[in-house]
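One-letter residues, chain by chain:
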Amino acid sequence: MKFEVFAPGTIGNVSSGFDILGLAVDQMGDHFHFEDAKTYSIEAVGRDASLVPTDPHRNTVTLAAEDFYQLLGIPSRPFKLLIDRSLPLSGGLGSSAASSVAGALAAAKFADALDRSDLIMKAALHAESAVSGMHLDNIAPCLLGGMVLVQDLEKLKVYPVPVNLEFWITLITPDVKVKTKDARRVLASSLTTAQWTQQMAHCTTLALAMARGDAEELAFGLKDTFAEPARSSLIPHFNAAQENARALGAYGFSISGSGPTCFSLCPTEAVAKKVADAVKGIMGPATRSYVVRPRLSGAEILS
Ligand code: HSE
């Protein structure tokens, strides 16, 4: 059996929704080519390919696949894998989630068990946890597309947030690497009541504004007072970039997942392009920028 899986990039947290909100993006994602084989073998081409672990015990694609077979209670069915990457590794666009989702989906296809979406999500979560900590806010939108709210991590209960607003997304990836595990270590372990209620107000407004198509309130919701203050110091010139993006008319500018990629939601393509140019000017020529749309469908088996 031979087939290809496409898994989209994702923005974890979407600013105020730490660990519980995620958004899939269009045009950016990784392609995974699978072929059944006697033993696992992994090759990667494209962006950051030389950094991809080719040891099946360390690669999230094979970790997720093995986990899926185990959860299903069947012997493993190894494969030969070629990964064609466009997502940055340790870049904040859900690359490890994309690999975990692709591995779990591929195993389900090999095992003729694509209806076991519960196990697909569970296996992807187990694999991603091994490299970047326990969170579903990249995996859920990668699998389902659109914006997803994670209601219960243990029960794998997720809830799609309707996207009823037209917007463009600027993605800016500075030339630094930030490992999610490291970026989770800098977070505060407790909040005051005032800090907690403020973050809840932003996050609730964000989800509600997205569902109601309310641009003004979206801008209110795109404020992160928890992770962003702790993590922005890991991203050179973050504050100046954020000020510029807002001055140019963006709804908001924040860190995508654990960074270093930053994202900005913008009302028009023209604003998104202006933000991309301005932030590139601030963060330096090695910065990569993209203007994309939200992706409303999730990972897919292409052939
Ligand atoms: N919610 C996770 C974090 C996302 O911010 O650590 C990582 O992509």
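In case you missed it, the structure is sitting above this.
Structure report, in brief. (Residues numbered from 1 in each chain as written. Predicted model: local features only at pLDDT ≥ 70, side-chain atom pairs only at ≥ 80, totals over all residues. Heavy atoms only, no water.)

### Things to note about the site of the ligand
Condition: Each residue is tested against the molecule or strand, and it is near if at least one of its non-hydrogen atoms lies within 4 Å. Identification of polar contacts relies on pairs of N or O atoms within 3.5 Å, with a donor-acceptor requirement for protein atoms, meaning one able to donate a hydrogen and the other able to accept it, and with residues adjacent in sequence counted only if both atoms are side-chain atoms. Under the scheme applied, nonpolar residues are Ala, Val, Leu, Ile, Met, Phe, Trp, Tyr, Cys and Pro; charged residues are Asp, Glu, Lys and Arg; polar residues are all the others, including Gly. Residue ranges for the domains trace back to a domain assignment, done automatically or taken from a database.
Taken together, N13, F18, D19, H135, D137, N138, T180, R184, R231, G257 and S258 make up the full set of residues near the ligand. Measuring from an oxygen atom of the ligand, one finds a side-chain N or O atom of N138 at 2.8 Å. R231 is positioned with one of its side-chain polar atoms (N or O) 2.8 Å from an oxygen atom of the ligand. The residue inventory of the shell around the ligand, partitioned by class, reads one nonpolar, six polar and four charged. Residue-level mapping places the shell around the ligand at the junction of two domains, with at least three residues from each of domain 1 (2–161 + 295–302) and domain 2 (168–292).

### A few points about the nonpolar core
Rules: By nonpolar core we mean a set of buried residues, namely Ala, Val, Leu, Ile, Met, Phe, Trp, Tyr and Cys, connected to one another through side-chain atoms within 4.5 Å. Categorising residues by exposure relies on relative accessible area from a 1.4 Å probe, with only protein chains included: less than 20% of the type maximum marks a residue as buried, more than 50% marks it as exposed, and the intermediate range marks it as partly exposed. Strands here mean DSSP runs of E at least two residues long; helices mean DSSP runs of H or I at least four residues long; both are numbered from the N terminus. Residue contacts follow a heavy-atom distance rule, with two residues in contact if any of their heavy atoms lie within 4.5 Å.
Core analysis: the biggest nonpolar cluster contains 73 residues, and F34, F68 and I169 have the highest contact counts within it. Considering every element that reaches this core, the biggest residue donor is helix α2 (residues 95–110), with 10 residues. Counting contributing residues per domain, this core is built from domain 1 (2–161 + 295–302) and domain 2 (168–292), each supplying no fewer than three. Look past the residues within four positions of F68 in its chain and what remains in contact with it is A104, A107, A108, A111, A113, R116, L119, I120 and A123. Within the second largest apolar cluster, 16 residues are counted, among which are I172, C266, A272 and V279.

### Description of the sheet that holds strand β7 (residues 168–173)
In plain terms, the rule: Strands were regarded as paired on the criterion that DSSP finds at least two bridges between them. Fitted lines through C-alpha atoms give the axes, limited to the stretch in contact for helices. The angle between two N-to-C directions lies from 0 to 180 degrees.
Spatial ordering of the open sheet is given by β8-β9-β7-β10, a layout of four strands whose pairing is antiparallel. Whereas interior strands pair on both sides, the edge strands pair on one side only; in this sheet they are β8 (252–255) and β10 (288–292). Looking at each pair of strands side by side, their axes are set apart by 20 degrees on average, direction ignored. Where β7 and β10 come together, five bridges link them in antiparallel fashion. Bridge assignment links I169 to a residue of β10, and that residue is V292. Along the sheet, helix α10 (residues 269–283) makes contact with β7, β8, β9 (262–266) and β10, crossing β7 at roughly 15 degrees.

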